[in-house]
Amino acid sequence: MRSSRHPRPLVVAVVAALALAAGAAPAAAHPRPVDKVPVAVGTGGAVATVDADATRVGIDVLRRGGNAVDAAVAAAATLGVTEPFSSGIGGGGFFVYYDAASGTVHTIDGRETAPLAMRSDSFVENGVPIPPADAVTSGLSVGVPGTPATWQTALDQWGSISLRTALRGATDVARRGFVVDQTFVDQTAANVTRFSAFRSSADLFLRRGALPTVGSVFRNPDLADTYDLLGRKGVGELYTGRLAREIVTTVQRPPVRRHSPLVVRPGLLERADLAAYVAPLREPTLVSYRGLDVYGMAPPSSGGSTVGEALNILEALPATADRTQTLHRYLEASALAFADRNRFVGDPAFVEVPLRELLSDGFAAERACQVGATALTKPVAPGTPDGDYTGCPVPAAAGTEGSDGQSTTHLTTADRWGNVVAYTLTIESLGGNGIVVPGRGFLLNNELTDFNFTDTQDGTDPNLPGPGKRPRSSMAPTIILADGSPFLALGSPGGSTIITTVLQVLVNRLDLGMTLEEAVAAPRATQRNTAAVQAEPGFDRAPLQALGHTFADNPEIGAATAIEHRDDGSLLAVAEPTRRGGGSAAVVHRP
Ligand code: GLU
């Protein structure tokens, strides 16, 4: 541990808050593109996100005395401005935090929650699931947002500044604007049909009916005002105040334009659902891998359990220095762990998740005995995490994998006191449900499409919709300690490929001897218990094809960020060099 100091004492907090407030004066009138680099090494704290403005705002908070939690909230709020199609206050996420003062890891479950009126067949009409494209753009798919409650909870628990102060940098970016890049244009273009269907969305993102252009300045004064409101009145405004009423109205009567070709179903959300929302603290998942302690997100995310089970399976196999065998095992362990995820993991308030068994060495050994020199036929069946691990059982019939979206964002922060945050947040689909709350500048989530609409598991599906239930997630913010001190923190977007992205970066870094930059940049492959492995174009398939793996193309998998605490005491912050247009890493002090 580098230092166990933590900036909680009142005087430090007040000084930090004053410094942050003083620094909030508007800067240059016309925003310029912010330089971004994917790798930074230094001291005093670090931030890695997909976006240069968000990273800059996070670093500013650290420079002025804020801690890793303050920086994470400030950066996340900025992503709500500059990456509005992947995250924002209309969505949810999972926050994992290493507290240097106590040497402990904590998590916040900020997952969106289904309305109380939701039933297991709410996404079924006349006996058939409603078309996925309809569900994605609907009121029906909107869960109670968890992101505002996550920010407030994180700041209350471990932060040193108020929400108002934490939102200041983001508010400034929303008001002054940011310079549009190609990724923003592409992501808007991917949503043109949906945004055109709603006046509020078209007014914000398709001004004068057109796409924004690269190099133009995008301002979102409505969102600046909304952040101001939350800063002044607190997040209660979104759960019980006027904003809550507006969200309910938008969900129940989506502002669809007349003559829109889209079928937009209304949602079930009521004010009481918003008022009842909490973002609970949850015990993190924990497995040991290669002598390191790997902490992750517990259910309702399947991130921690699936990454953890796969690592346990890998560790249960005999050591190998062979690169092809290492990648073969990564694919096999991932498929086995996904079979178990699909069968056993859902909202723990509704289903009994055998988490302890799923993460036990005994179960991992039983699953590992299925892994041979060549590829298993996929899909593989789930195992039996019952505490009795004596044989190598013959698998029963396999269930199928549900589907996930391809959006979301992950950020990682570290401060000079040794605190670390890994935070993944989302509005589910790219563009959420496509509906901007009128006059408020943010999109609503369509997270409830993460439920399985019908049973995928022979009558035992743990992820069917339910009243007040949280849909299973794949988000996998992960923090790894070495001898009780932070070593590595990471995460990624990408639907269920989040899990394999985190796993592959870890295998690259810990087993294949890559540096963190190489581990993040390396071409990816994902095996989620499907017939074919999906792989990026650069992934070397031939040696694995020789072992029986079949492949399908996936142009781009994930967009990771990570921070490593190096032996010399410095921090290495890493983002993607090219995926999603490249990310942004920065440190407080460069050598
Ligand atoms: N909603 C997904 C989840 O929670 C993430 C969406 C994405 O990454 O595209 O697992």
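Residues numbered from 1 in each chain as written. Predicted model: local features only at pLDDT ≥ 70, side-chain atom pairs only at ≥ 80, totals over all residues. Heavy atoms only, no water.

1. A short note on the overall build of the protein
And then number 1: Across its full length, the protein carries 21 helices and 20 strands.
And then number 2: A compact globule built from 591 residues would reach a C-alpha radius of gyration of about 25 Å, and the protein, at 22 Å, matches this within 12%.
And then number 3: Projecting the C-alpha coordinates of the protein onto the three principal axes gives extents of approximately 65 × 65 × 40 Å.
And then number 4: Evaluated residue by residue, the protein yields a buried proportion of 63% over its 591 residues. (Helix = DSSP H or I, 4+ residues; strand = E, 2+ residues; numbered from the N terminus. Rg over C-alpha atoms; globule rule 2.2 N^0.38 Å. Buried < 20%, exposed > 50% of the residue type's maximum accessible area, 1.4 Å probe, protein only.)

2. Considering helix α8 (residues 182–189)
And then number 1: Taken as a whole, α8 has its buried residues at Thr-183, Phe-184, Val-185, Gln-187 and Thr-188.
And then number 2: Packed against the buried residues of α8 are α3 (68–82), β6 (178–179), α9 (192–196), α10 (199–205) and β7 (217–218). (Contact = heavy atoms within 4.5 Å.)

3. A look at the pairing of strand β11 (residues 409–415)
And then number 1: Burial runs high along β11: seven of the seven residues are buried.
And then number 2: Here β11 shows two buried faces, one formed by Thr-409, Leu-411, Thr-413 and Asp-415 and the other by His-410, Thr-412 and Ala-414.
And then number 3: Judged from the four bridges that link them, strand β1 (residues 39–49) and β11 form a sheet pairing that is antiparallel. Bridging across to β11, Val-47 finds its partner in Thr-413.
And then number 4: The turn linking β11 back onto strand β12 (residues 420–426) is made up of four residues, and Gly-418 within it adopts a positive phi angle of 95°. (Pairing = 2+ DSSP bridges.)

4. Re unusual backbone geometry
And then number 1: Following Pro-299, the chain continues to Pro-300 via a peptide bond in cis, the omega torsion being 20°.
And then number 2: Mapped onto the secondary structure, Pro-300 falls in the loop between β10 (292–296) and α15 (303–316).
And then number 3: Geometrically, the link from Lys-378 to Pro-379 is a cis peptide bond, its omega value of 0° lying close to zero.
And then number 4: Among the secondary structure elements, Pro-379 is positioned in the loop between α18 (361–368) and β11.
And then number 5: With a phi angle near 80°, Glu-428 is a residue other than glycine that sits in the positive phi range.

5. Considerations on the site of the ligand
And then number 1: For the ligand, the set of nearby residues contains 16 residues, the closest of which are Ser-407, Thr-408, Glu-428, Glu-447 and Gly-495.
And then number 2: Contact between the ligand and Arg-111: an oxygen atom at 2.9 Å from a side-chain N or O atom of the residue.
And then number 3: Contact with the protein chains hides 100% of the accessible area of the ligand, taken as 290 Å² for the molecule alone.
And then number 4: Class assignment for the residues of the shell around the ligand results in two nonpolar, nine polar and five charged. (Near = heavy atom within 4 Å. Polar contact = N/O pair within 3.5 Å; in protein donor to acceptor, adjacent residues only side chain to side chain. Areas by Shrake-Rupley, 256 points an atom, 1.4 Å probe, with all protein chains shown as cover. Nonpolar A, V, L, I, M, F, W, Y, C, P; charged D, E, K, R; others polar.)

6. Overview of the pairing of strand β20 (residues 584–589)
And then number 1: β20 sits mainly inside the fold: five of its six residues count as buried.
And then number 2: Sheet topology places β1 next to β20; five bridges connect them, and they run antiparallel. Pairing of Ala-48 across the sheet is with Ala-585, part of β20.

7. Let's talk about the packing of aromatic side chains
And then number 1: Scanning the model with the defined rule gives 16 aromatic pairs in all.
And then number 2: Plain terms: the ring middles of Trp-151 and Tyr-227 are 6.3 Å apart, the flat faces sit at 65° to each other, and that makes the pair edge-to-face. One end of the pair, Trp-151, is in helix α5 (residues 147–158); the other, Tyr-227, is in helix α11 (residues 221–233), and 76 residues separate them in sequence. There is no split in this pair, since Trp-151 and Tyr-227 are both buried.
And then number 3: With centroids separated by 5.4 Å and ring planes inclined at 80°, the aromatic side chains of Phe-178 and Phe-184 adopt a geometry described as edge-to-face. (Phe/Tyr/Trp six-rings, centres within 6.5 Å; stacked < 30°, edge-to-face > 60°.)

8. Points about the UniProt feature "active site" (unreviewed entry) in the protein
And then number 1: The feature "active site" (unreviewed entry), as annotated in UniProt, sits at Thr-408 in this numbering.
And then number 2: Take Thr-408: it is sitting in the loop between α18 and β11.
And then number 3: Here Thr-408 falls in the buried class, since its relative accessible area comes to 5%.
And then number 4: In contact with Thr-408, other than residues within four places in its own chain, are Ser-86, Thr-424, Leu-425, Thr-426, Glu-428, Met-475, Pro-493, Gly-494 and Arg-580.
And then number 5: At 2.7 Å, the side chain of Thr-408 forms a polar contact with the side chain of Thr-426. (UniProt positions renumbered as here; feature names shortened; annotations may be inferred.)

9. Some points on the state of the cysteines
And then number 1: Enumeration over the complete set of coordinates arrives at one disulfide.
And then number 2: Disulfide pairing is shown between Cys-369 and Cys-392; the S-S distance is 2.0 Å. One disulfide, between Cys-369 and Cys-392, carries an S-S torsion of 105° and so falls in the right-handed class. Within this pair, whereas Cys-369 is found in the loop between α18 and β11, its partner Cys-392 is found in the loop between α18 and β11, the two being separated by 23 residues in sequence. (Disulfide = S-S within 2.5 Å.)

10. Some words on the environment of Pro-31
And then number 1: Here Pro-31 shows up in the loop between α1 (10–22) and β1.
And then number 2: For Pro-31, a relative accessible area of 9% translates into the label buried.
And then number 3: It is 49 Å that separates the C-alpha atoms of Pro-31 and Arg-343, two residues lying 312 residues apart in sequence.

11. Some thoughts on the pattern of salt bridges
And then number 1: All told, the structure shown has 22 salt bridges when counted by the stated rule.
And then number 2: Between Arg-56 and Asp-60 there is a salt bridge, with the nearest N and O atoms lying 3.5 Å from each other. Note that Arg-56 and Asp-60 are positioned in helix α2 (residues 52–63) at a spacing of four residues, about one turn of the helix.
And then number 3: The exposure class of Arg-56 is partly exposed, given its relative accessible area of 30%. (Salt bridge = Lys/Arg side-chain N within 4 Å of Asp/Glu carboxyl O.)

12. Overview of α15
And then number 1: With 14 residues, α15 should reach 20 Å at 1.5 Å per residue; the first-to-last C-alpha distance of 20 Å fits that figure.
And then number 2: Among all positions in α15, only Gly-303, Gly-304, Ser-305, Thr-306, Val-307, Gly-308, Glu-309, Ala-310, Leu-311, Asn-312, Ile-313 and Leu-314 are buried.
And then number 3: Buried positions along α15 lie against β9 (285–289), β10, α16 (323–344), α17 (355–358), α18 and α19 (497–511). (Expected span 1.5 Å × (residues − 1).)

13. Examining the packing of α15 against α18
And then number 1: In contact at an axis separation of 8 Å, α15 and α18 are set at 65° when each is read in the N-to-C sense. It follows that α15 is roughly perpendicular to α18 by the angle criterion. By crossing handedness, the relation of α15 to α18 is classed as right-handed. On α18, the residues touching Glu-309, Asn-312, Ile-313 and Ala-316 of α15 are Asp-361, Phe-363, Ala-364, Ala-365, Arg-367 and Ala-368.
And then number 2: Grouping the constituent residues of the contact of α15 with α18 by class yields six nonpolar, one polar and three charged. (Axes fitted to C-alpha atoms, helices over the stretch in contact; angles between N-to-C directions. Parallel < 35°, antiparallel > 145°, perpendicular 65-115°, else oblique. Left-handed = near helix turned anticlockwise from the far one by under 90°.)

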